Amino acid sequence: MKNGFLPRTRSVGSDVSESAMMAGAEKFVDADNAEAIITRIEHKSRKIESLLKQNKPVEALKTALEGSPPMTRDERCKSANWIVVHRALMTIKDVEGMFSSLDPEYYDILMKYLYRGLSTGDRPTCDQCLRIHEKLTERAGLGCILRSLADTVNTV
Amino acid sequence: MAAVAVHQFVQCITCHAWSPDQSMIAFCPNNNEVHIYKLLQDKWEKLHVLQKHDQLVSGIDWSGTSNRIVSVSHDRNSFVWNQEGPEWVPTLVILRLNRAALCVQWSPKGFAVCRWVSKVIRKKHNSSVTGVSWHPNNILLATTSTDGKCRVFSTFIKGVDTRESKTGSSSDPKFGEQILQLDLSSSWAFGVNWSPSGNTLAYVGHNSMIYFVDDVGPSPLAQNVAVRYLPLRDVLFVSEKMVIGVGFDCNPMVFAADKSGLWSFIRFLGERKESSSGPKSGSQISEAFGKLYGQSRQGLSNDTVEPSKIQGAAHDNCINCIELLKQKGPKTKRFSTSGMDGKVVIWDLDNQHDLREYL
C-alpha cells in the first residue's frame, strides 16, 4: 500500500499551489532523464526569445515559469531553468503592468525565483528582483514568502 | 465587534481548556504549572495551582463527561487530575514517550488520547506530534506532525466499541491501524480538527497553507488553500461550513465553504488597522519593507506602529490555541482563544451578520 499518497484535489484555480500537490507524490527524475529536462528547457528558451522579439515580456516570463521547478535534484537542470527565468525577468520594465496580466498561480513559483535572484549578489539582478518582490508581496501577501521559505522539497 | 471579552491573565499562555460548565478555566502560563481560575462576580480568581510537572505544560484538556483534567508536558509525563473535595489530585500516566508530549485531547466518550494510543502512535511518527483530534464517532483519531503529515488512526477495539458504519465494511480496522496518511504539506503541520459531523478534516501547515479533506477514507478529496498571511497554528470548526484559523497574525481568520464545497478565506474576525487588499497593505509590512526597499514612506508616518502590534486587535501576539465554547442558542457560536500575549479572548459570532449563512 502506498504510504504518502496524493488524494484527489478539487481544482480551485489560483488557490491550489502546484508544488503542494506535487510534494511527496511525484518521484524525482534521476540524472538519466536530466538530459530530457535540459532539452525541454532549451526549447522553452527559444520560445522565450521569440516572445521577447514580439515585445511580450510577460508572456515570456509565464513561459519561463511554466514547468518549474524542474522535478529533479540535478543542479544543472535547476541552473538551466534559472537562466531562462532570469532572462525573462530582466526584460520586465513595467512591474505593475506585469501583475495585471500574471495569474496568481504563478505567484509562489515567482517568489522562489526572486529569492534565487537576490542570492546571486549581482547588482542589476538584485535591483530588479527587489522591485518585483515589493509588488509581489503586496499582491500575494506574506504567506507567499512563507511558502517559498518553507518548501525545502521543491527548490529552484 | 466579534471579541466580546478580553482577559489578561499572565504574560504568556501556552494552552487553555474550559470546565464543562465553563465557569472555570485551566491554562498553563508558560511554565510547569496549571492554573485554574474561576469567574466570581465578574472577576477572575485564581483557585488552584496544579504543580506536578517538571517542565512546560504543553497541552491541557478538561473532560466534558467526567470533569477530569488531563495535562501533558515536555517532561514526557501526563497527569489526570481528579477533583476530590477542594483539592485536585493527580494520577501519573506513564506515556513512555522518548520526546516531549505536545498535545492531548479527551475523546468524546472520555478517553484521553495519550493514555490509549501513545505507544501505537509513537511507532508511526518519527517526528513530534503537534496536534490530535478525536472524530465525533470516538473511533478515529487524527494527528499532525512536524514531518508535515496528517495521519488518521483507528482506535476501534472489538467488543468494546460499537461501530455505526455507514459504509458497512465487514472488516473492521485494527486498533492503531493507520487509515490514512496525508502528505500535503512540505513543512510542519499543526492544529488538526474534525467538522461536527466528522465528514471533513482541516489542518494547517507552517507554510501558510490550510488543508481541507473530505471523504476521509480510501479515496479522500483534499483542497489546499493558500493563505495570504502569516502561518496559522490552530483551527476550529464552528459549523460544517465555517472554520476559524488562528496563528501568527494575532487575529482569527474565517474560512468558509460555498455551496459546492469549495473553501476560501472570507475575512479576519477582529479589528484590523488597514484593509488588507489595498496597495499599502498593512502598516506592519510597509514598516518592515520600507527599510528593505530603501524608499521613504512619508504617507504612513502617522500610522507607524510597532511591527508586532495592530491597534484595536484583541490579541497582540501569536494566538496558539482555540477552543469551542458552549453555545447560548442554536445559531450563536462562541469560542475562546489564548496566546503568547497571556490573554484569553472570548469571541461571539452573533452580530457578524455576513457570516450567518455559514452557521
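Every value quoted in this text rests on a predicted model; they were computed, and no experiment measured them.

### Considerations on the nonpolar core
Line of reasoning, step 1. Core analysis: the largest hydrophobic core is formed by 39 residues, its most contacted members being F99 and L110 of chain A.
Line of reasoning, step 2. With near-sequence residues (within four places) excluded, F99 of chain A lies in contact with Y107, L110, I132, K135, L136 and R139 of chain A.
Line of reasoning, step 3. Of all hydrophobic cores here, the second largest spans 19 residues; its members include A3, V238, A314 and L349 of chain B.

### As for the packing of helix α4 (residues 75–90) of chain A against helix α7 (residues 123–140) of chain A
Residues and elements named next belong to chain A.
Line of reasoning, step 1. Packing of α4 against α7 brings their axes to within 10 Å, and their N-to-C directions diverge by 70 degrees. Considering their axes alone, α4 and α7 lie roughly perpendicular with respect to each other. Facing α4, whose interface residues are W82, H86, L89 and M90, α7 presents P124, T125, Q128 and I132.
Line of reasoning, step 2. Considering only residue class, the contact of α4 with α7 consists of five nonpolar, three polar and no charged.

### Here's the deal with the sheet that holds strand β18 (residues 232–239) of chain B
All names here are of chain B.
Line of reasoning, step 1. Strand order across the open sheet formed by four strands is β18-β19-β20-β21, with antiparallel pairing between neighbours. Every other strand in the sheet has two partners, leaving β18 and β21 (263–268) as the edge strands with one partner each. Strand-to-strand, the axes of this sheet are offset by a mean angle of 30 degrees, without reference to chain direction.
Line of reasoning, step 2. Here four bridges tie strand β19 (residues 242–247) to strand β20 (residues 253–257), and the two strands are oriented antiparallel to one another. Paired with I244 across the strands is V254, a residue of β20.

### As for the sheet that holds strand β12 (residues 150–154) of chain B
Residue and element names in this part refer to chain B.
Line of reasoning, step 1. If you trace the four strands from one edge of the open sheet to the other, you get β10-β11-β12-β13, paired in antiparallel fashion. Unpaired on one side and paired on the other, β10 (129–134) and β13 (178–182) mark the two borders of the sheet. Within the sheet, the average angular offset between the axes of one strand and its neighbour, ignoring direction, is 15 degrees.
Line of reasoning, step 2. With four bridges joining them, β12 and β13 adopt antiparallel strand pairing. Along β13, the bridge assignment pairs R151 with Q181.

### Topic: the packing of aromatic side chains
All names here are of chain B.
Line of reasoning, step 1. Per the stated rule, a full pass over the model turns up 19 aromatic pairs over all chains.
Line of reasoning, step 2. For the ring pair W188 and F190, a centre distance of 6.4 Å and an interplane angle of 55 degrees mean the geometry is tilted.
Line of reasoning, step 3. W188 gets classed as partly exposed once you look at its relative accessible area, which sits at 48%.
Line of reasoning, step 4. By relative accessible area, which is 7% here, F190 ends up buried.
Line of reasoning, step 5. What links up through ring pairs into an aromatic cluster is the set F212, Y229, F237, F255, W263, F265 and F268.
Line of reasoning, step 6. Here R233 stacks its cationic end above the ring of F190, 4.3 Å away from the centre of that ring.

### Looking at unusual backbone geometry
Line of reasoning, step 1. Even without a glycine there, the phi angle at N55 of chain A is positive, about 60 degrees.
Line of reasoning, step 2. Here N55 of chain A shows up in the loop between α2 (34–53) and α3 (57–65).
Line of reasoning, step 3. You can call N55 of chain A exposed: its relative accessible area is 65%.
Line of reasoning, step 4. Within the chain, D215 of chain B stands out as a residue other than glycine whose phi angle is a positive 55 degrees.
Line of reasoning, step 5. Following the sequence through the fold, D215 of chain B ends up in the loop between β16 (209–214) and β17 (221–226).

### A look at the environment of A189 of chain B
Residues and elements named next belong to chain B.
Line of reasoning, step 1. Mapped onto the secondary structure, A189 falls in strand β14 (residues 189–194).
Line of reasoning, step 2. With 162 residues separating them in the primary sequence, A189 and F27 have C-alpha atoms 23 Å apart.
Line of reasoning, step 3. Excluding residues that lie within four positions of it along the chain, A189 makes contacts with T130, T144, S145, G148, K149, Y203, V204 and G205.

### Structural notes on helix α8 (residues 142–150) of chain A
Line of reasoning, step 1. The element α8 of chain A is largely enclosed, with a buried count of eight among its nine residues.
Line of reasoning, step 2. All of the buried residues along α8 of chain A are L142, G143, C144, I145, L146, R147, S148 and A150 of chain A.

### Some remarks on α7 of chain A
Line of reasoning, step 1. An ideal rise of 1.5 Å per residue puts 26 Å on 18 residues; α7 of chain A measures up with 25 Å between its terminal C-alpha atoms.
Line of reasoning, step 2. The complete set of buried residues in α7 of chain A reads T125, C126, Q128, C129, I132, H133, E134, L136, T137 and A140 of chain A.

Rules and cut-offs
Residues numbered from 1 in each chain as written. Chains lettered and ligands numbered in written order. Predicted model: local features only at pLDDT ≥ 70, side-chain atom pairs only at ≥ 80, totals over all residues. Heavy atoms only, no water. Core = buried A, V, L, I, M, F, W, Y, C linked by side-chain atoms within 4.5 Å. Buried < 20%, exposed > 50% of the residue type's maximum accessible area, 1.4 Å probe, protein only. Contact = heavy atoms within 4.5 Å. Axes fitted to C-alpha atoms, helices over the stretch in contact; angles between N-to-C directions. Helix = DSSP H or I, 4+ residues; strand = E, 2+ residues; numbered from the N terminus. Parallel < 35°, antiparallel > 145°, perpendicular 65-115°, else oblique. Nonpolar A, V, L, I, M, F, W, Y, C, P; charged D, E, K, R; others polar. Pairing = 2+ DSSP bridges. Phe/Tyr/Trp six-rings, centres within 6.5 Å; stacked < 30°, edge-to-face > 60°. Lys NZ or Arg CZ within 6 Å of the ring centre and 35° of its normal. Expected span 1.5 Å × (residues − 1).

Fair warning: the whole summary comes from geometry, so function is off the table for now.
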